[in-house]
Amino acid sequence: MASSNSKSTAETARKIFKILLSNPRIKVSWVKAHAGNIGNERAGQLAKDATQHGQPYSHTKLPKPHIKGLLRKRMLEEWQTSWKNGDTGRKIYNIMPSVSLRPTNWIKEDVIFFSQHGPFPAYLKRFHLSDSDYCSCGGIGTALHYATECIYTVSWHMRKPAPNFEQEWLKRVANNLVSRQKIRGIIKFISENRDLFRPP
């Protein structure tokens, strides 16, 4: 038996030997298998279960960077699945369908515009915070309206996309710093002049 050999080089055997050496009252002896010894029968059953159903275990020590890489990969996979199958944040998901640890460098105004959760009459009416979804200029007060056609935000206008290209337009705007600067200007202007945009 390796654990009773003080010259054994096996790590587990060396640990067992040290324990036995420091605890002389513990006795190790051979026990005949299948002879009705309850403890031995149970140990045999557990060993059998482990070989048939258990997970392989390796004493190999992996480098910490490798383990961190595996954990990071698994975390990103779980995050991606959660993001893909989630019920919330779908407007942002349509712009950024893939998760990433890289910062987007979005500021508050970017989030307000692309999530369309902000001082927009269409959003406020949807959540019963306003009686009307119209802008004071007469158009439906959506984020896209302010970015492309509202007479009060003409200084920051961009070309309005065709309805079937709106999602692609949002992706392009999100990835273009000049366009994002315009979006920030619009959101700041609306936030500072809310009375101007209230429906008549």
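Let us look at the structure shown here.

The rules behind these values
- Residues numbered from 1 in each chain as written.
- Predicted model: local features only at pLDDT ≥ 70, side-chain atom pairs only at ≥ 80, totals over all residues.
- Heavy atoms only, no water.
- 1 Å grid on protein atoms, 1.4 Å probe; cavity = no way out; pocket = protein on both sides within 12 Å on 5 of 7 lines; lining within 4 Å.
- Points joined across faces, edges and corners; volume = space filled by probe spheres on them.
- Helix = DSSP H or I, 4+ residues; strand = E, 2+ residues; numbered from the N terminus.
- Nonpolar A, V, L, I, M, F, W, Y, C, P; charged D, E, K, R; others polar.
- Salt bridge = Lys/Arg side-chain N within 4 Å of Asp/Glu carboxyl O.
- Buried < 20%, exposed > 50% of the residue type's maximum accessible area, 1.4 Å probe, protein only.

**Focus: the layout of surface pockets**
Empty space among the atoms becomes apparent when a probe as large as a water molecule is rolled across them.
And then number 1: Taken as a whole, the largest pocket spans an internal volume of roughly 370 Å³.
And then number 2: As for the largest pocket, its lining consists of 17 residues, of which Met96, Ser98, Ser100, Arg102 and Thr104 are closest to the centre.
And then number 3: Among the secondary structure elements, those contributing two or more residues to the lining of the largest pocket are helix H3 (64-85), helix H4 (90-95) and helix H8 (166-174).
And then number 4: Per-class residue counts for the lining of the largest pocket are ten nonpolar, four polar and three charged.

**With respect to the pattern of salt bridges**
And then number 1: Tallying each qualifying case throughout the model produces six salt bridges.
And then number 2: Here lysine 160 and glutamate 149 are joined by a salt bridge, their closest N and O atoms 3.2 Å apart. On the criterion of sequence distance, the pair formed by lysine 160 in the loop between helix H7 (143-148) and H8 and glutamate 149 in the loop between H7 and H8 is long-range, its members being eleven residues apart.
And then number 3: Overall, the relative accessible area of 45% leaves lysine 160 in the partly exposed class.
And then number 4: Aspartate 195 serves as the salt-bridge partner of arginine 198, at 2.9 Å between the closest nitrogen and oxygen. Note on accessibility: arginine 198 and aspartate 195 belong to one class, exposed.

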